[in-house]
Amino acid sequence: MIFGKMDINNPTEQHLRNIDIHTLLPQQPPFVMVGKLIHYDSVRTITETQIERTNIFCDDGVFSSTGMMENIAQTCAVRIGYINKYVLHKGVQIGVIGAIRKLKITDRPHVGDVITTTIEVIEELLGITLASATIECGGRVLATSQIKIAVREEAQ
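Residues numbered from 1 in each chain as written. Predicted model: local features only at pLDDT ≥ 70, side-chain atom pairs only at ≥ 80, totals over all residues. Heavy atoms only, no water.

A full pass over the atoms with the stated rule returns three aromatic pairs. Taking the centre distance of 5.7 Å and the plane angle of 65° together, the rings of Phe31 and Phe57 count as edge-to-face. Of this pair, Phe31 sits in the loop between α1 (13-17) and β1 (36-40) while Phe57 sits in the loop between β2 (44-50) and β3 (58-59), and the two are 26 residues apart along the sequence. Phe31 sits in the partly exposed class, given a relative accessible area of 31%. Residue Phe57 is classed as buried on the basis of its relative accessible area, which comes to 17%. Three or more aromatic residues link up through ring pairs in this structure, and these residues are Tyr40, Tyr82 and Tyr86. (Phe/Tyr/Trp six-rings, centres within 6.5 Å; stacked < 30°, edge-to-face > 60°. Helix = DSSP H or I, 4+ residues; strand = E, 2+ residues; numbered from the N terminus. Buried < 20%, exposed > 50% of the residue type's maximum accessible area, 1.4 Å probe, protein only.)

With antiparallel pairing, six strands are arranged side by side in an open sheet as β1-β2-β6-β7-β8-β5. Either end of the sheet is taken by a strand with one partner, and the two such strands are β1 and β5 (95-105). Adjacent strand axes in the sheet meet at a mean angle of 20° when their direction is disregarded. With four bridges joining them, β1 and β2 adopt antiparallel strand pairing. (Pairing = 2+ DSSP bridges. Axes fitted to C-alpha atoms, helices over the stretch in contact; angles between N-to-C directions.)

Shown next as structure tokens:
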């Protein structure tokens, strides 16, 4: 997709919503746990995802805690994918979860719910990103955590 004169460091929500999320992720269906990228800046990335009945992490109409953690990890992956594709002009890199800390899940979304996942970068150093994460639905916080992601460098 051509964006013309879009500011890649401060894109509009509409431009972001038009990006095919699959082009930013190493994961592919049925293992995609994010729907749309709706915000990107140097610190904060936000995705929006409708919970589908066919999601492999749904049980009895409820999205599992495992699915919620994967949604957080994939929101981090979308951030990395956006940077690689639109800022650095290179391919998708594989990220590896280094740590999940301070995970608190207070509720889980149901089929049909739309969740909004926000990650905020706390620190980046040598290909490792530490971020805080929040999942919300309908104005309620469902989960919070910290996540550390390491990006595997491509072989030269």
